[in-house]
Amino acid sequence: MANTEFFDLFVETQKKMREAWDGYVQNVQAPKMPNGEFRELWETWYKKQQELFNDYTPATPTEVATKLPDLYRSMLEAQMAFIKGWGDASRSYLESLPVGDNQEKWTEFQKTQTELMETWTQQTNKLLMEQMKPFMPFASISGMENYSTAYREMFGYWDKIQELIKGGEGNIPNFMSPKSWTELMGNFTSFKMPEAMHQAAENAKTLFSNYNQWLLDQSTQFSEQGIRPFSVAGLDPWMNMFKDVQARLDKVYMPFNHMLNSGKQSEMISLLREAQQEYLNYAIKGTEFQLALMEAGRKAMPEVIEKFQEEYKNTQEMPNYEAFFQSFLDIVEKHLVELFETEEYAKLQNDLAIAGVGVKKRMDRFMELAFEGAPFTMKSESEELAKELQSLRRKIRDLEKRLGESQAAATTTKRSSSKAKTASTAKEKA
Amino acid sequence: MSQTQAPTAEYMNTMRTWFQNLSEIDHVEIATAPRETVWEDGKVKLYHFLSEKKSTIKHPVVISYALVNRWEMMDLQPDRSLIRKMISEGMDVYVIDWGYAGIAERYKTMGDYINGNLNDAMDFVRERHGLDKVNLLGVCQGGTFSVIYTALYPEKVKNLITMVTPVDFSLDEGLLFRWSRNVDVDSLVDGFNGVVPGEFLNYAFDLLKPMAKMRKYTNLPKLAQNKARLENFLRMEKWVHDGPAQAGEAYRQFIKDMYKENKLYKGTYELEGEKVDLKKIDMPMLTIYARGDHLVPPKCTIPLNDLVSSKDKELYEFPGGHIGVFVGSRSQKELAPSIAKWLKQRD
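Residues numbered from 1 in each chain as written. Chains lettered and ligands numbered in written order. Predicted model: local features only at pLDDT ≥ 70, side-chain atom pairs only at ≥ 80, totals over all residues. Heavy atoms only, no water.

1. Observations concerning the overall build of chain B
Here comes step 1: For chain B, the helix and strand inventory stands at 15 helices and 12 strands.
Here comes step 2: For a compact globule of 347 residues, the expected C-alpha radius of gyration is about 20 Å, and chain B comes in at 21 Å, within 12% of that figure.
Here comes step 3: Taking the principal axes of its C-alpha atoms as reference, chain B extends roughly 70 × 50 × 35 Å.
Here comes step 4: Within chain B, buried positions represent 60% of all 347 residues. (Helix = DSSP H or I, 4+ residues; strand = E, 2+ residues; numbered from the N terminus. Rg over C-alpha atoms; globule rule 2.2 N^0.38 Å. Buried < 20%, exposed > 50% of the residue type's maximum accessible area, 1.4 Å probe, protein only.)

2. Focus: the pattern of salt bridges
Here comes step 1: Within the structure shown, the criterion is met by 36 salt bridges over all chains.
Here comes step 2: Here A:Lys334 ties to A:Glu303 by a salt bridge, and the two come within 2.9 Å at their closest N and O atoms. Placement of the pair is A:Lys334 in helix H12 (residues 321-340) and A:Glu303 in helix H11 (residues 263-315), with a sequence separation of 31 residues.
Here comes step 3: Exposure remark for A:Glu303: the relative accessible area of 28% places this residue in the partly exposed category.
Here comes step 4: A salt bridge links B:Asp172 to B:Arg181, with the nearest nitrogen and oxygen atoms 2.7 Å apart.
Here comes step 5: Overall, the relative accessible area of 46% leaves B:Asp172 in the partly exposed class.
Here comes step 6: We classify B:Arg181 as partly exposed; its relative accessible area is 26%.
Here comes step 7: Salt bridges linked by common partners bring B:Asp186, B:Asp190, B:Glu249, B:Arg252 and B:Lys256 together as one network. (Salt bridge = Lys/Arg side-chain N within 4 Å of Asp/Glu carboxyl O.)

3. Things to note about the nonpolar core
Here comes step 1: By size, the foremost hydrophobic cluster in this structure holds 170 residues, and its most contacted members are A:Phe188, A:Met301, B:Met163 and B:Phe326.
Here comes step 2: Sort the elements by how many residues they give to this core and H11(A) lands first, with 13 residues.
Here comes step 3: Once residues lying within four places of it in the same chain are set aside, the contact partners of B:Phe326 are B:Tyr65, B:Met73, B:Met74, B:Arg80, B:Leu82, B:Val139, B:Met163, B:Val164, B:Ser331 and B:Gln332.
Here comes step 4: Ranked by size, the runner-up nonpolar core spans 10 residues in total, among them A:Phe366, A:Leu369, A:Ala370 and A:Ala374. (Core = buried A, V, L, I, M, F, W, Y, C linked by side-chain atoms within 4.5 Å. Contact = heavy atoms within 4.5 Å.)

4. With respect to the pairing of strand E11 (residues 285-290) of chain B
All names here are of chain B.
Here comes step 1: Extensive coverage of E11 is indicated by the burial of 6 of its 6 residues.
Here comes step 2: Of the two faces of E11, the one lined by Met285, Thr287 and Tyr289 and the one lined by Leu286, Ile288 and Ala290 are each fully buried.
Here comes step 3: Where strand E6 (residues 157-163) and E11 come together, 4 bridges link them in parallel fashion. Its bridge partner being in E11, Thr162 is matched across the sheet by Thr287.
Here comes step 4: Here E11 pairs with strand E12 (residues 313-318) via 6 bridges, running parallel. Bridging from a neighbouring strand, Met285 pairs with Lys313 of E12. (Pairing = 2+ DSSP bridges.)

5. So, the interface of chain A and chain B
Here comes step 1: On the chain B side, the residues contacting the 51 residues of chain A number 46 residues.
Here comes step 2: In total, about 4500 Å² of surface goes out of reach between chain A and chain B, with carbon and sulfur atoms giving 59% of it.
Here comes step 3: Here chain A and chain B share 8 salt bridges between them.
Here comes step 4: Linking A:Arg394 and B:Asp112 is a salt bridge whose minimum nitrogen-to-oxygen distance equals 2.6 Å. (Buried area = accessible area lost by both parts, 1.4 Å probe.)

6. Section: helix H5 (residues 175-182) of chain B
Here comes step 1: The buried fraction of H5(B) is high, at 6 of 8 residues.
Here comes step 2: All of the buried residues in H5(B) are B:Leu175, B:Leu176, B:Phe177, B:Arg178, B:Trp179 and B:Ser180.
Here comes step 3: The inward-facing, buried residues of H5(B) contact H12 and helix H13 (343-370) of chain A together with helix H7 (198-208), helix H10 (248-260) and helix H12 (298-301) of chain B.

7. Notes on the environment of B:Met285
Residue and element names in this part refer to chain B.
Here comes step 1: Tracing the chain through its elements places Met285 in strand E11.
Here comes step 2: The exposure class assigned to Met285 is buried, which follows from its relative accessible area of 0%.
Here comes step 3: Spatially, the C-alpha atom of Met285 lies 9.9 Å from that of Ser309, the residues being 24 residues apart in sequence.

8. Re the packing of H12(A) against helix H8 (residues 212-223) of chain B
Here comes step 1: Packing of H12(A) against H8(B) leaves a shortest axis separation of 10 Å and a crossing angle of 160°. The angle between H12(A) and H8(B) falls in the class roughly antiparallel. For H12(A) against H8(B), the interelement crossing comes out left-handed. Between H12(A), through A:Glu322, A:Phe325, A:Gln326, A:Leu329, A:Asp330 and A:Glu333, and H8(B), the contact on the second element is made entirely by B:Ala212, B:Met214, B:Arg215 and B:Thr218.
Here comes step 2: Partitioning the contact of H12(A) with H8(B) into residue classes produces 4 nonpolar, 2 polar and 4 charged. (Axes fitted to C-alpha atoms, helices over the stretch in contact; angles between N-to-C directions. Parallel < 35°, antiparallel > 145°, perpendicular 65-115°, else oblique. Left-handed = near helix turned anticlockwise from the far one by under 90°. Nonpolar A, V, L, I, M, F, W, Y, C, P; charged D, E, K, R; others polar.)

Remember, this is a structural readout, not a statement about activity or role.
Written as structure tokens, this is what we have:
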């Protein structure tokens, strides 16, 4: 491809991506924005996203020309460093290898390899647990911890609440800030989200950059501890696997180049981008979800205060915090259930869950592509086996059924013919 | 007692007793009634409960529990065990354990569960006892499976008992029904790679009574002063957090055919190409529902009585909630003896 064509295509692609991004952000920006504060939050987030996007995707040929060579250079330097390190290490290993002692060395690197695989698997799971789960609505968050936090947080307002019960002036739903309400209701319902949209964007960025770094660290570790002895022993598939992983890493670090590619490489880039978008979608839906929960909490508070105001007027005795807390639970539950019964909530809850699993699905696929060729069974391969297994089980069930029917029919026929024979013999005798 | 006030001597004593009691409990066990595995196919097992006494009811009872949550709720602890009580009332009890669905089950369908596992288990028990028919007791979703099974194989079922079993899914009053109608089940199942995690379902169940967990923990310090009650609490916690994942295809079919389209109730449901006609249910039938059931409200269980052609049919109202049916004191004192009496009269 000629240089000019490359740049034209590149810039055109950038433009399209930028347009799609702008459209996307404007669309998600349109829904309810109840007050100026929230609008400001959105605008800050939007600007931050634009800045991030601008840094990530240079829009002019000049920028492309200045950034791409650096990226290529860094890439080549990393490759060169790797190849040099590889050569040195291989030579050193071969020199240390005593003649006739191959069996011992073989055993040693087999052991190393097994340990490495275990570490790798553990690290993969750890990464998913740490990076993905905390952001999901179905994360198993300790109920006890949430309870304890909610209880303590609300107690922090107890002096203020007592003043309100005594008949103090004040806007009851608003005596706590929206942020405090959101946190409180999050603890009451075990739902947690990043604090604000700009933080969600930051989290998304951190998530993917951590992931890339982790992938790089793992592959480096793999080359140092695992690939070297295998390759020295002439086991080329291991080296090929590493190269495969390395090649995929390139794709992650060279998205501009990959946009012009096709096949799996392109799929990986798409998956990362889709996952990021889905994550933002999740964050947006999550914020709407939080807002809905917060409103339910704000509706409950005036009712509880009024109830205790009435009692205080009559008795001049302040209820204890326990009584107040229990009463709040009853009334907030009533409002939450009212909310949960609406069609809008059911839809929102569904959208939130679907966005959450959407991120997971894409990251799963990405992981599979990144580790394709590795000596362990992938989830999708297990799924193929599961499909085959289920199909075979159904065939066996069908055959068993037919066999049972044939046997039953044969028994009936035998009985009928036996009866007929007996009848005919009896007739003859008669 | 408040965690936020300055610790008083009373508070410190409460905490001390709590931790003392907790430290004396090494672990808790559930489902301890003696049993043996008599049949298994993959992860699915059939347990036969052992008894020193000979059963006084000739036809054994096969229990089909829901795929959601585990059957152990029916034998949570020795003094709160519907199964033990049923045995002591003279019943010979079998339970199907559907196992923990994983990737191997992701393509398992409702047909595989009902025409496959349930039918095989029923055939095994019939053959083992030399009987053409045995009793079938279905619980919750397992009850829906039992109803479908009985409509397809009426010649194998002596008496049908359904417990808190949803049949009419068109209701608006249950949150689970509203939410399930709105769920994009295809995206959900595919997003979870065909195996829907138990934690995900548990989160939805928690939201049905959104403050129940908060109340539970508020009451915990008081409850934990008594070691036996603390052990009961821990047993229930163990069961609650042991919700198995769902086989994706079966889950997809159940949500679509039942919650979204209400096919069983409408009479349009087909299992593996065979029409499920509830009028084919003509044997004696006992429909047990819980008055205060927030998961499966009575309105979605009672209509079964009008959909079958059985002449001998009875409704039994249990004064409690969904879980109370299995572990409530009335469950032991009244429900199990009533089932035994009903079965004896039709043995």
